[in-house]
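Observations on chain architecture
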Amino acid sequence: MIKEERFQDAINTLNTIPESSTTRAGLSLLGHCYYQTQDFIEAANCYEHLLNLVPDVHEYRLYYAQSLFQAGLFEEAQKIIAIGLDSPELKDKVLQLQSAIAYGNEDYTAAQSLLLQRQDGNGQEASTKNDEGCLLYQANMYEDALQRYVSALQAGGFNPHVAYNAALCHYRRKENSQALNYIAEIVERGIRNHPELGVGAQAETEGGARSVGNPPALAASGLAQAFNLKAAIEYQEGNADGAREALTDLPPRSEPELDPVTLHNMALTDPTGGGAGLRRLAFLLELGPPACPPETFANLLLLCCKHEMYDTAADILAEHTHLTYKYLSPYLYDLLDALITAQSTPEEAEQKLGTLASSIGGRLRALAAKVQECRSATDQNALRMALREYEGALESYLPVAMARAWIPWRMDDFQGAEREFRASAEFCSETPSWRLHAAHVLFMRGDRYKEAAAFYEPIVRQNYDDILSIPASVLANLCVAYIMTSQNEEAEELMRKVERAEERKGNATGQCLHLCIVNLVIGTLYCAKNNYEFGLSRIAHALDGGSGARLCADTWIHVKRCVLGLLTGMAKQTIVLPSIALQETLNFLRACEAYGLTIPSVLTGPLEDSGEQPPTIGLEARKLRALLLRLMEYK
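Residues numbered from 1 in each chain as written. Predicted model: local features only at pLDDT ≥ 70, side-chain atom pairs only at ≥ 80, totals over all residues. Heavy atoms only, no water.

The protein chain has the name Tetratricopeptide repeat protein 30 in an unreviewed UniProt entry, where Anopheles melas is given as its organism. Under the UniProt heading Sequence similarities (unreviewed entry), the note attached to the protein chain is "Belongs to the TTC30/dfy-1/fleer family." In its Subcellular location (unreviewed entry) section, the UniProt record describing the protein chain reads: "Cell projection, Cilium". (UniProt positions renumbered as here; feature names shortened; annotations may be inferred.)

For the protein chain, the helix and strand inventory stands at 33 helices and zero strands. When the backbone C-alpha atoms are referred to their principal axes, the protein chain occupies close to 100 × 70 × 45 Å. By the burial criterion, 45% of the 635 residues in the protein chain qualify as buried. Considering only residue pairs separated by 6 or more positions, the protein chain has 57% of its internal contacts joining residues 24 or more positions apart. Accessible area for the protein chain stands at about 33500 Å²; split by element, carbon and sulfur atoms hold 51% of it. Side-chain charges in the protein chain split into 56 positive and 81 negative, and the spacing between the mean points of these groups amounts to 6 Å. (Helix = DSSP H or I, 4+ residues; strand = E, 2+ residues; numbered from the N terminus. Buried < 20%, exposed > 50% of the residue type's maximum accessible area, 1.4 Å probe, protein only. Contact = heavy atoms within 4.5 Å. Areas by Shrake-Rupley, 256 points an atom, 1.4 Å probe, with all protein chains shown as cover. Lys, Arg positive; Asp, Glu negative; His and termini not counted. Charge placed at Lys NZ, Arg CZ, Asp CG, Glu CD.)

Another point: the pattern of salt bridges. The tally for this structure, following the rule as stated, stands at 30 salt bridges. Between Asp337 and Lys352 there is a salt bridge, and its shortest N-O distance comes to 2.6 Å. Taken as a pair, Asp337 in helix α21 (residues 330-341) and Lys352 in helix α22 (residues 346-377) lie far apart in primary sequence, 15 residues in all. Classification of Asp337 as partly exposed rests on a relative accessible area of 22%. For Lys352, a relative accessible area of 28% corresponds to the partly exposed category. (Salt bridge = Lys/Arg side-chain N within 4 Å of Asp/Glu carboxyl O.)

Before going further, it helps to spend a moment on the packing of helix α2 (residues 24-36) against helix α3 (residues 40-53). Where α2 meets α3, the axes come as close as 8 Å, and the angle between the chain directions of the two elements is 155°. Between α2 and α3, the angle is such that the two are roughly antiparallel. The interaxial crossing formed by α2 with α3 has left-handed handedness. Residues Arg24, Leu27, Ser28, Leu30, Gly31, His32, Tyr34 and Tyr35 of α2 lie in contact with α3, whose contacting residues are Phe40, Glu42, Ala43, Cys46, Tyr47, His49, Leu50 and Leu53. Class assignment for the residues of the contact of α2 with α3 results in 10 nonpolar, four polar and two charged. (Axes fitted to C-alpha atoms, helices over the stretch in contact; angles between N-to-C directions. Parallel < 35°, antiparallel > 145°, perpendicular 65-115°, else oblique. Left-handed = near helix turned anticlockwise from the far one by under 90°. Nonpolar A, V, L, I, M, F, W, Y, C, P; charged D, E, K, R; others polar.)

Attention now goes to the state of the cysteines. On inspection of all chains with the given rule, the structure shows zero disulfides. As a non-bridged cysteine, Cys552 has Cys516 as the owner of its nearest cysteine sulfur, 7.3 Å distant. Among the residues examined, Cys552 registers a relative accessible area of 21% and is labelled partly exposed. (Disulfide = S-S within 2.5 Å.)

Turning our attention to the packing of aromatic side chains. Summed over the entire model, instances satisfying the criterion amount to 13 aromatic pairs. Relative to Tyr108, the ring of Tyr103 has its centre 5.4 Å away and its plane inclined at 70°; by these criteria the two rings are edge-to-face. Accessibility expressed as a relative area gives 28% for Tyr108, which makes it partly exposed. Consider the rings of Phe443 and Tyr449, whose centres lie 5.5 Å apart with planes at 80°: the pair is edge-to-face. Neither Phe443 nor Tyr449 differs from the other in exposure class; each is buried. An aromatic cluster of three or more residues is present, and its members are Tyr47, Tyr60 and Tyr63. The cationic tip of Arg189 hangs over the ring face of Phe158; the distance from NZ or CZ to the ring centre is 4.1 Å. Seen from the ring of Tyr464, Lys497 lies directly overhead, with NZ or CZ sitting 4.7 Å from the centre. (Phe/Tyr/Trp six-rings, centres within 6.5 Å; stacked < 30°, edge-to-face > 60°. Lys NZ or Arg CZ within 6 Å of the ring centre and 35° of its normal.)

The next thing to look at is helix α1 (residues 7-14). Residues spaced three or four apart along an α-helix face the same direction, because each turn holds 3.6 residues. Within the span of α1, buried status applies to Phe7, Ala10, Ile11 and Leu14. The arc enclosing the buried residues of α1, seen along the axis, measures out at 100°, which places them on a common side. Taken together, the buried residues of α1 touch α2 and α13 (216-221). (Arc of directions from axis to C-beta.)

The next subject is the environment of Asn299. With respect to the element layout, Asn299 can be found in helix α18 (residues 296-306). What makes Asn299 buried here is its relative accessible area of 19%. Sequence-wise, Asn299 and Leu278 are 21 residues apart; in three dimensions their C-alpha atoms are separated by 9.3 Å. Leave out the neighbours within four places in its chain, and Asn299 touches His264, Leu268 and Leu281.

Attention now goes to the environment of His58. Relative to the elements of secondary structure, His58 occurs in helix α4 (residues 58-70). With relative accessibility at 26%, the residue His58 sits in the partly exposed group.

Another aspect to go through is unusual backbone geometry. A negative phi holds for most residues other than glycine; trans holds for most peptide bonds. Despite not being glycine, Lys174 shows a phi value in the positive range, around 60°. Inspection of the secondary structure puts Lys174 in the loop between α10 (160-172) and α11 (176-193). The exposure class of Lys174 is partly exposed, given its relative accessible area of 41%. Here Glu308, not a glycine, exhibits a phi torsion of approximately 60°, which is positive. For Glu308, a relative accessible area of 57% puts it in the exposed group.

Time to look at the side chain of Thr585. Its location among the elements puts Thr585 in helix α32 (residues 579-595). At 2.9 Å, the side chain of Thr585 and the backbone oxygen of Ala581 are in polar contact. With sequence-adjacent residues up to four places away left out, Thr585 is seen in contact with Leu536 and Leu628. (Polar contact = N/O pair within 3.5 Å; in protein donor to acceptor, adjacent residues only side chain to side chain.)

Taken together, the side chains of Glu286, Asp311, Asp315 and Glu319 present a region of like negative charge at the surface. In terms of residue count, helix α19 (residues 310-319) provides more of the negative patch than any other element does, three residues in total. Tracing the backbone shows Glu286 in helix α17 (residues 274-287). (Patch = residues over 30% accessible without salt bridge, like charges linked within 9 Å, V, L, I, M, F, W, Y side chains within 5 Å.)

Taking the numbering used here, the UniProt-annotated feature "repeat: TPR" (unreviewed entry) corresponds to residues 24-57. Strand forms 0% of residues 24-57 and helix 79%; the C-alpha atoms that close the span are 11 Å apart.

Of the pockets and cavities examined, the second largest pocket occupies roughly 660 Å³. For the lining of the second largest pocket, the secondary structure elements donating two or more residues are α25 (432-445), α27 (472-484), α29 (514-528) and α31 (553-571). Sorting elements by how many residues they give to the lining of the second largest pocket places α29 first, with six residues. Of the residues in the lining of the second largest pocket, the class split is 12 nonpolar, seven polar and two charged. (1 Å grid on protein atoms, 1.4 Å probe; cavity = no way out; pocket = protein on both sides within 12 Å on 5 of 7 lines; lining within 4 Å. Points joined across faces, edges and corners; volume = space filled by probe spheres on them.)

So, in structure tokens, the structure goes:
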């Protein structure tokens, strides 16, 4: 069984033999099998018993220490090494383990010192080069680290873990194409050498593939690391679907069998919403280092802020102050602090963000001057480095600029938001996300539709052949801007284009809501202008008369706002609707009542779980219909 790498079967068989837990032979086999199945605590227990039986066998002490190290018990592993493990034959392996423990404890100086004591003989050159690369990587010397990894691959042949390290260096240097080349080779070799791992089986069976567990072949293949890095590249490039696809291609495992990095990346790319992702990140944070990926703390806080859970973010910061200086850069801490402060004292938050923006803005100007100097000197390497530094500083500046505009935006001060956008235009005017949000601000001003359309149009033109990839809000706002500037033909043409795209895609399930949202926004616009007859007809058309799959909490909120506006106007006797229009509205509400019996009418937050049954669309539609009938009968 061990020869065939059926380690779990071997464990089950050995556990049926009483002598296995009391003899050297049984404990040795069990320790080896537990280690191979990554059950390091059980492996450590076996080797501890072996040390009591045969204390003079140094290999067992080394294996005991290795098991403790793999379980994350670094101090315990170091104590075991320090007691009587002085065998000359094991010196290199002991030094390697000691340097790994120091590395795990982030004591990189000690790790470097231990590395220098190791010998390159006995085929250890590749291992030493790889370890040198790891230390250089931690010092952010990615180019030097990459050279060590390439040397390790040349000295020891292809090793998926070393190849992954090289890909990681390219990723840090923003050389994604080179990183993807290494990833492709790791995946290709993994599929060829280990077909039993079922790479891609989850996608083929739509998540119904049988778990392969965590066999030694998976650890040796480097597939988990490669697919996670591919997911990270796709995620950073804004391709969330591509990131989820990369994680789906992983060998199938159940959630308790997932490694922390995969769990972390699944939390960030969860398509169902923020709740599951936040819970996974919170779980990882409770595990603590070394199991918890270093990025978990920052990403959990950012995800809380994304879902406007600022009190939760403040609580997490207060409960984990020891992690703040370890895992948050001064920039990220200042940004998060300002976002949380904005909830209670916006003026103080504005001041903090202003200081941060001034600091980064000054650096951007200095880097822009450096880029111009490098262009004049025609030094391509220096120019590449300067551009990379400038792009990095711009990535830091953009969230600060957005946060400064967000503070007046949330108070409906759109003029103040526009003022902040003009202040950041010097650096960000060519950035797609800046242009998108600037368009939103101009649109919300209510008198700048032409300027808003000028910002929206390039976004639409750039993706005209794949119009459904454009956010529905952009299409809807552009249509409204056209209507408000008397360009009705352009609005109609855009809507026809969206309709044709949805028909080609096949929208029987109602999952594509682009045209629906466009019609809802236009209908709401006409209702706001007191043209309820046309506005409510557009809204009913958008939702297939209330009987389609597009009826959900997201769309229902627009329906009830417009119907309540109509009811308010009728109650004040400022709005009069023809009887035919009123009857159509009643029929529409009756259809919503029938088809929305079990559909929640409100959106809940990612972590909201009150235990109470939320109100349904059917119930609210019935109440609205009753109110309308009372007003129609009013004398």
